[in-house]
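Here are the chains, one letter per residue:
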Amino acid sequence: MADSMMSKAATMEIPINSNGDSRNLAEDDSLEQAAKIQWNLREKDLQQVMVSGPNLNETSIVSGGYGGTTEGIIPTSSIKDLRMKSRGVSIAPSQIAACRIAHQSEDIPCIPGSSMHHASSNSSMTAEESTRGVAVEKFDIMKKWGLNTYKCTKQMISERFGRGARTVDLELEAQIEVLRETKRKYENVLHLARALTNHFYSMVQTQHALGDTFADLSQKSPELRDEFGYNAETQKLLCKNGETLLGAINFFVSSINTLVNKTMEDTLMTIKMYENARLEFDAYRADLEELNMGPRDAVTMARIEAAQQQYQIHKDKYERLRSDVTIKLKFLEENKVKVMHKQLLLFHNAISAYFAGNQQQLEQTLKQFNIKLKPPGADKPSWLEEQ
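Residues numbered from 1 in each chain as written. Predicted model: local features only at pLDDT ≥ 70, side-chain atom pairs only at ≥ 80, totals over all residues. Heavy atoms only, no water.

Draft legend 1. Up close: the overall build of the protein chain. Along the backbone of the protein chain there are 11 helices and 2 strands. Reading the secondary structure of the protein chain in the N-to-C direction produces α-α-α-β-β-α-α-α-α-α-α-α-α. Taking all 387 residues of the protein chain together, 25% fall into the buried category. Put simply, 76% of the contacts in the protein chain that link residues at least 6 apart link residues at least 24 apart. Counting every atom, the protein chain has about 27,800 Å² of accessible surface; 57% of that belongs to carbon and sulfur. (Helix = DSSP H or I, 4+ residues; strand = E, 2+ residues; numbered from the N terminus. Buried < 20%, exposed > 50% of the residue type's maximum accessible area, 1.4 Å probe, protein only. Contact = heavy atoms within 4.5 Å. Areas by Shrake-Rupley, 256 points an atom, 1.4 Å probe, with all protein chains shown as cover.)

Here it is as structure tokens:
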């Protein structure tokens with residue numbers, strides 16, 4: 001019995017506490033009891049404790065001889081925990097131990113702060129993926145634009161040299177040509193009306209200056225006072241009627257300018273879009289016809305199906321814009337007749353009344369067309385605004 005006890009004591013490492021004092025002999029029984037309890041733990045728990053490695057605050061107890069297996073090595077930290085629990089002392093688990101316990105079923109290595117690095121890496125990967133997606137989208141847009149431009153340029157050159165077929169709507173093309181010719185003629189009318197306005201404005205200013213000169217001479221020449229006075233009154237009356245006629249001509253010019261540079265121009269912009277859609281439609285139609293004339297293998301059939309879809313898309317676009325052009329041409333013609341009827345009547349009545357010397361008829365013409373004349377000097381800023 002004594003020999004067995006001595007052999008156990010000889011093969012047992014004695015743990016040293018933080019103060020450097022040896023353990024009391026009364027604790028040997030508790031060590032043996034703790035070793036027996038720990039021996040019954042699962043093999044997996046023992047392996048996890050062994051993998052965690054020794055700590056600076058830990059020693060080990062060899063339950064068998066020096067030649068025993070590694071399964072007999074028991075960390076004293078677990079024994080210390082049992083002793084502390086029996087004494088009523090709680091030990092706060094470390095972050096590493098808690099993380100290891102939480103991940104022991106998944107065999108994931110636990111690194112403090114790894115969740116933060118994982119979140120930042122996820123955010124950086126998301127930003128990189130979004131940037132890559134935008135770049136891919138822009139590349140696809142440029143690719144489609146380049147392919148469409150190539151097809152349209154090829155179709156345009158083929159039409160110029162008489163090799164490519166062109167879709168023609170004879171009735172609509174004739175209406176478009178009439179509109180362009182009408183716009184050129186109306187632009188000439190607008191140019192001449194503006195020239196008339198400028199020349200007539202110069203004449204009115206000259207009449208105004210001449211009337212002031214006659215009035216001044218009437219005051220300074222007693223022997224010709226009446227003659228200068230009559231001419232001064234005549235020039236002032238002509239100047240007043242000329243300003244009234246200028247108001248009518250300016251209204252005429254403004255209406256023609258709106259008709260030519262806004263209404264007709266808007267219709268011509270729609271016509272330009274229609275012509276571009278017609279060119280794209282013919283380009284994709286020619287591409288589909290070329291594919292249909294080739295071999296019918298699997299790759300070609302896929303290309304034919306894609307070309308058929310593009311052909312249908314551009315065909316729908318072409319027909320929609322053709323309908324828009326037809327409607328706009330119809331409304332433009334109606335609007336043009338209505339506007340020009342009113343403006344030509346105004347121009348005729350105003351010119352006739354002015355050169356007939358009928359001041360009342362001239363003023364009545366302006367009231368008929370709701371034209372309000374600006375008082376002299378209304379366009380000039382006041383002296384307060386100039387300061």
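Having seen it, we continue.
Draft legend 2. Just the confidence of the model for the protein chain, in detail. Considering every residue of the protein chain, the mean pLDDT works out to 75; 65% of them sit at 70 or more. Averaged pLDDT values over the elements of the protein chain bottom out at 42 in strand S1 (residues 60–62) and peak at 94 in helix H7 (residues 170–220). Taken as a whole, residues 49–80 scores under 50 in pLDDT and shows 40 contacts with residues more than four places along the chain or in a different chain. (pLDDT = per-residue confidence, 0-100.)

Draft legend 3. Inspection of helix H8 (residues 225–292) at higher detail. Its 68 residues place the ends of H8 97 Å apart at the C-alpha level, agreeing with the 100 Å of an ideal helix rising 1.5 Å per residue. The largest bend in H8 is about 35°, located at Glu-265. (Expected span 1.5 Å × (residues − 1). Bend = angle between axes of the 7 residues up to and from the residue.)

Draft legend 4. Fine view of the nonpolar core. Core analysis: the biggest nonpolar cluster contains 43 residues, and Ile-176, Leu-179, Ile-271, Tyr-274, Val-325 and Leu-329 have the highest contact counts within it. For this core, the secondary structure elements donating two or more residues are H7, H8, helix H9 (298–356) and helix H10 (359–368). Ranked by residues supplied to this core, first place goes to H8 with 18 residues. Look past the residues within four positions of Leu-179 in its chain and what remains in contact with it is Met-264, Thr-267, Leu-268, Ile-271, Leu-329 and Leu-332. (Core = buried A, V, L, I, M, F, W, Y, C linked by side-chain atoms within 4.5 Å.)

Draft legend 5. Geometry of the packing of H7 against H8. Packing of H7 against H8 leaves a shortest axis separation of 7 Å and a crossing angle of 160°. On the basis of the axis angle, H7 is roughly antiparallel to H8. The chirality of how H7 crosses H8 is left-handed. Taken together, the residues of the contact of H7 with H8 sort by class into 30 nonpolar, 14 polar and 11 charged. (Axes fitted to C-alpha atoms, helices over the stretch in contact; angles between N-to-C directions. Parallel < 35°, antiparallel > 145°, perpendicular 65-115°, else oblique. Left-handed = near helix turned anticlockwise from the far one by under 90°. Nonpolar A, V, L, I, M, F, W, Y, C, P; charged D, E, K, R; others polar.)

Draft legend 6. Quick peek at the packing of aromatic side chains. Under the defined criterion, the tally for this structure stands at 7 aromatic pairs. Aromatic pair Phe-200 and Tyr-354: ring centres 5.2 Å apart, planes at 80°, arrangement edge-to-face. Note that Phe-200 is positioned in helix H7 and Tyr-354 in helix H9, a separation of 154 residues in sequence. Take Phe-200: its relative accessible area is 7%, and that puts it in the buried class. Each ring, one from Phe-214 and one from Phe-228, has its centre 6.0 Å from the other, and the planes form 40°; the classification is tilted. You can see Phe-214 sitting in helix H7 and its partner Phe-228 sitting in helix H8, a full 14 residues away along the chain. Under the relative-accessibility criterion, Phe-214 is labelled buried at 17%. Linked through ring pairs, Tyr-274, Phe-281, Tyr-311 and Tyr-318 together constitute an aromatic cluster. (Phe/Tyr/Trp six-rings, centres within 6.5 Å; stacked < 30°, edge-to-face > 60°.)

Draft legend 7. Up close: unusual backbone geometry. A positive phi angle, near 55°, is found at Asn-370, a position not held by glycine. Tracing the backbone shows Asn-370 in the loop between H10 and helix H11 (383–386). Owing to a relative accessible area of 68%, Asn-370 belongs among the exposed residues under this scheme.

Draft legend 8. Quick peek at H9. Along its 59 residues, H9 runs 86 Å from first to last C-alpha, staying within 8% of the 87 Å computed at 1.5 Å per residue. Phi for Gly-357, located one or two positions after H9, is positive at around 75°.

Draft legend 9. Quick look at the side chain of Glu-280. By the secondary structure assignment, Glu-280 is in helix H8. Overall, the relative accessible area of 14% leaves Glu-280 in the buried class. Filtering out sequence-adjacent residues up to four positions away, Glu-280 remains in contact with Asn-148, Cys-152, His-314 and Lys-317.

Draft legend 10. Examining the side chain of Gln-343 more closely. Tracing the backbone shows Gln-343 in helix H9. Residue classification places Gln-343 among the buried residues on the basis of a relative accessible area of 3%.

Draft legend 11. Up close: the packing of H8 against H10. Their axes nearest at 10 Å, the elements H8 and H10 cross at an angle of 25°. In terms of orientation, H8 and H10 fall into the roughly parallel class. For the crossing formed where H8 meets H10, the hand is left-handed. Judged by residue contacts, Leu-237, Lys-240, Asn-241, Thr-244, Leu-245 and Ala-248 of H8 engage Gln-359, Leu-362, Glu-363 and Leu-366 from H10. Of the residues in the contact of H8 with H10, the class split is 5 nonpolar, 3 polar and 2 charged.

Draft legend 12. Geometry of the environment of Phe-369. Position of Phe-369 among the secondary structure elements: in the loop between H10 and H11. Placed 26 residues apart in sequence, Phe-369 and Gln-343 show a C-alpha to C-alpha distance of 9.1 Å. Ignoring any residue separated from it by four or fewer positions in sequence, one finds Phe-369 in contact with Lys-342, Leu-345 and Leu-346.

Draft legend 13. Molecular detail of the pattern of salt bridges. Scanning the model with the defined rule gives 15 salt bridges in all. A salt bridge links Glu-289 to Arg-285, with the nearest nitrogen and oxygen atoms 3.3 Å apart. Taken as a pair, Glu-289 and Arg-285 lie in helix H8 at a separation of 4 residues, close to a single helical turn. With relative accessibility at 42%, the residue Glu-289 sits in the partly exposed group. A single network of salt bridges, built from pairs that share partners, joins Glu-159, Arg-278, Asp-282, Arg-285 and Glu-289. (Salt bridge = Lys/Arg side-chain N within 4 Å of Asp/Glu carboxyl O.)

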